[in-house]
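# Observations on chain architecture
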Protein chains: 2
Amino acid sequence: MNAAAEDEPRPDLAAMIVPLGRALMADEQPVLDAHGLSMWGYVVLSALGETPVRTQAALAAAINADKTRIITVLDDLESRDLLVRRPDPKDRRARLLSLTPEGRRLRDSVRDEIQRREESWLGRLADADRESFLRSLRTLSDAARRSPEP
Amino acid sequence: MNAAAEDEPRPDLAAMIVPLGRALMADEQPVLDAHGLSMWGYVVLSALGETPVRTQAALAAAINADKTRIITVLDDLESRDLLVRRPDPKDRRARLLSLTPEGRRLRDSVRDEIQRREESWLGRLADADRESFLRSLRTLSDAARRSPEP
DNA sequence: TATTGTTATACTCTATAACTATA
DNA sequence: TATAGTTATAGAGTATAACAATA
């Protein structure tokens, strides 16, 4: 039994979640390195897979990134034939973004490796907690996406 | 029911956790601002409260920060009489760190406000999930602290 | 020589503002 | 004029290396 257990306040949520996020990212970095992908590169590939995106600004918004920040990422991915940018015929200012088959393959295999590593993290949880944890995480993550970040 | 639910892979853990951490921090920033505290300042006050720390290096390690990074933070907190640094008589290289009563008071009131805000996040969870979520989060957070970050 | 705290410097990430091309 | 994309610049945050004091 803990000596001062009664006085111990619970740790702040952020104080647990932020370092956990960092540790997860650090754990995934070797996978990305092995495929020559940056974190943002992978995020972009993932976001394009789920929903076809019609403008770079929309893509940036979807992944909570600055629109200027993803440009070099897109340049790199395009130069490696993982995605294509072509002007929208209806509005030639906009760029239609789509994954190439190769981009899709890369995204899938990286995601598989990453999620396999994540499984080993989830393996630390009690079986009864695991599903509940993922459900809660989805709920909070959705709430976070909706919360207005100035 | 979701159209393509069967094909939909679960989002990466990191892709949910990292933005959630950012949103929590953004949500807490106004509280810190109101008390003139930086995020690291608050982290230091919190860490000092829980366990008395005998060296700055130990403190830095405890909060997963670079030892050089907390120095200006300590300077600021000390100048505001929230903590004191005094040379350890047994090893005058080391600085014994302790909160002043004022530092303790500030830490407590900021923590109360922050945790009150966090409660409104947790309020989104199903009652049955809440306890499980916090337990799982503690488990993973502990694991993250142990994981060796190069 | 090794360690604690510190300072100075460099590097990475991110945001802001200005430019182009289309509309 | 307004918007999509782009480029250039500046700022914050972080890490690396070098230093002084003490052991």
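A few points on the structure. Keep in mind it's a predicted model, so treat the numbers as computed, not measured. (Residues numbered from 1 in each chain as written. Chains lettered and ligands numbered in written order. Predicted model: local features only at pLDDT ≥ 70, side-chain atom pairs only at ≥ 80, totals over all residues. Heavy atoms only, no water.)

## Structural notes on the protein's contact with DNA strand C
In the vicinity of DNA strand C, 17 residues are found, and the nearest of them are R69 and R93 of chain A together with Q56, A57 and R95 of chain B. A share of 65% is what sugar and phosphate atoms reach among the atoms of DNA strand C within 4 Å of the protein. A distance of 3.3 Å separates a base oxygen of DNA strand C from a polar side-chain atom of T68 of chain A. R95 of chain B has a polar backbone atom sitting 3.0 Å from a phosphate oxygen of DNA strand C. Breaking the surface near DNA strand C down by element, the ones donating at least two residues are β2 (91-99) of chain A together with α3 (56-62) and β2 (91-99) of chain B. (Near = heavy atom within 4 Å. Polar contact = N/O pair within 3.5 Å; in protein donor to acceptor, adjacent residues only side chain to side chain. Helix = DSSP H or I, 4+ residues; strand = E, 2+ residues; numbered from the N terminus.)

## Observations concerning the relation of the copies chain A and chain B
Laying chain A over chain B is done by rotating through 180 degrees and shifting 0.0 Å along the axis; what remains is an RMSD of 0.1 Å. Overall, the copies show the geometry of a two-fold rotation axis. When each C-alpha of chain A is compared by its distance to the rotation axis, F133 of chain A comes out closest, at 2.5 Å. Both copies share a contact surface, since 100% of the interface residues of chain A are interface residues in chain B too. (Least-squares fit on C-alpha atoms with pLDDT ≥ 70 in both. Contact = heavy atoms within 4.5 Å.)

## Considering the protein's contact with DNA strand D
Surrounding DNA strand D, one finds 17 residues, the nearest of these being Q56, A57 and R93 of chain A together with W40 and R69 of chain B. Interatomic distance of 2.5 Å between a side-chain N/O atom of Q56 of chain A and a phosphate oxygen of DNA strand D. A distance of 3.1 Å separates a phosphate oxygen of DNA strand D from a polar side-chain atom of R85 of chain A. When residues of the surface near DNA strand D are traced back to their parent elements, those giving at least two are α3 (56-62) and β2 of chain A together with β2 of chain B. Of the residues in the surface near DNA strand D, the class split is four nonpolar, four polar and nine charged. (Nonpolar A, V, L, I, M, F, W, Y, C, P; charged D, E, K, R; others polar.)

## Side note on the pattern of salt bridges
Residues and elements named next belong to chain A. The tally for this structure, following the rule as stated, stands at 24 salt bridges over all chains. For R130, the salt bridge is made with E119, and the minimal N-O distance between the two is 2.8 Å. Remark: E119 occurs in helix α5 (residues 101-122) and R130 occurs in helix α6 (residues 127-146); sequence separation between them is 11 residues. The closest approach of N and O atoms between D142 and R145, which form a salt bridge, is 2.7 Å. Highlighted residues: D142 and R145, both in helix α6, separated by three residues, approximately one helical turn. For D142, a relative accessible area of 29% gives the class partly exposed. (Salt bridge = Lys/Arg side-chain N within 4 Å of Asp/Glu carboxyl O. Buried < 20%, exposed > 50% of the residue type's maximum accessible area, 1.4 Å probe, protein only.)

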